[in-house]
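What follows is each chain in one-letter form.
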Amino acid sequence: MTLRSNGRLIGWLVIGESRHASEEGTRECGYALNQRFWGQGYMPEAVRAVFIYEFTVLGTHQIIAECETQNIASARVMQKCGMEYEGTFYDADFEGNWANRYRYKITSGVGETL
């Protein structure tokens, strides 16, 4: 993610196939933002744009995202983007770090109202 005004790199957002084998066809989203830019609406804006593209152009049916339970700001981003809380799980991230995590999801029907 870069700032429109000057092209400065401020974060990243990735979306791809779910790492959970039982969720075939489900895409998974992850993101991070430079702390200096927290609370300014950049991440919800970027996530919504990616969701719209996934649902309208790629035909994605469902997207999930997770965050550690202490990362309330990340959970708030998911809520602002129309994702629904699915539950709290003890799970590993992409690097194999285990923690309690909130899981959120959004389906294509909801994505049309973003």
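Here, every reference points to the structure presented above.
Residues numbered from 1 in each chain as written. Predicted model: local features only at pLDDT ≥ 70, side-chain atom pairs only at ≥ 80, totals over all residues. Heavy atoms only, no water.

Caption draft 1: Spatial organisation of the overall build of the protein chain. Counting its secondary structure elements, the protein chain contains three helices and five strands. When its helices and strands are written in sequence order, the protein chain yields β-β-α-β-α-β-β-α. Relative to the 2.2 N^0.38 estimate, which gives 13 Å for 114 residues, the radius of gyration of the protein chain is 14 Å and therefore close to what a compact globule would have. Seen along its three principal axes, the alpha-carbon backbone of the protein chain occupies a region of about 40 × 30 × 20 Å. The buried share of the protein chain, reckoned over its 114 residues, is 39%. Considering only contacts within the protein chain whose residues lie at least 6 apart along the sequence, 54% involve residues at least 24 apart. Positive and negative side-chain charges in the protein chain, numbering 11 and 14 respectively, have mean positions lying 10 Å apart. (Helix = DSSP H or I, 4+ residues; strand = E, 2+ residues; numbered from the N terminus. Rg over C-alpha atoms; globule rule 2.2 N^0.38 Å. Buried < 20%, exposed > 50% of the residue type's maximum accessible area, 1.4 Å probe, protein only. Contact = heavy atoms within 4.5 Å. Lys, Arg positive; Asp, Glu negative; His and termini not counted. Charge placed at Lys NZ, Arg CZ, Asp CG, Glu CD.)

Caption draft 2: Geometry of the nonpolar core. Ranked by size, the top nonpolar core spans 20 residues in total, and within it Tyr31, Val47, Phe51, Met78 and Met83 carry the most contacts. Elements with a contribution of two residues or more to this core: β2 (26-33), α1 (42-56), β3 (62-68), α2 (72-80) and β5 (98-107). The biggest single contributor to this core is α1, with four residues. (Core = buried A, V, L, I, M, F, W, Y, C linked by side-chain atoms within 4.5 Å.)

Caption draft 3: Broad picture of a nonpolar patch on the surface. Residues Tyr53, Val57 and Leu58 make up a contiguous nonpolar surface patch of roughly 300 Å² in combined accessible area. Note on placement: Leu58 falls in the loop between α1 and β3. (Patch = residues over 30% accessible without salt bridge, like charges linked within 9 Å, V, L, I, M, F, W, Y side chains within 5 Å. Areas by Shrake-Rupley, 256 points an atom, 1.4 Å probe, with all protein chains shown as cover. Salt bridge = Lys/Arg side-chain N within 4 Å of Asp/Glu carboxyl O.)

Caption draft 4: Inspection of the environment of Glu54 at higher detail. Within the secondary structure layout, Glu54 lies in helix α1. Contacts of Glu54, omitting those with residues within four sequence positions, involve Ile15, Arg27, Gly59, Thr60 and Ile63.

Caption draft 5: Highlighting the sheet that holds β5. If you walk across this open sheet you meet the five strands as β1-β2-β3-β5-β4, and the pairing is mixed. Edge strands, defined here as strands with exactly one partner in the open sheet, are β1 (11-17) and β4 (84-92). Neighbouring strand axes in the sheet, compared pairwise and without regard to direction, differ in orientation by 30° on average. Where β1 meets β2, seven bridges bridge the pair, whose relative direction is antiparallel. (Pairing = 2+ DSSP bridges. Axes fitted to C-alpha atoms, helices over the stretch in contact; angles between N-to-C directions.)

Caption draft 6: Structural detail: α2. All buried positions along α2 are accounted for by Ser74, Ala75, Val77 and Met78. End-on view of α2: buried residues confined to an arc of 155°, all on one side of the axis. Exposed and facing more than 90 degrees away from the buried side of α2 are Ile72 and Ala73. Check the buried side of α2 and you find it contacts β2, α1, β3 and β5. One or two residues past the end of α2 sits Gly82, with phi positive at roughly 85°. (Arc of directions from axis to C-beta.)

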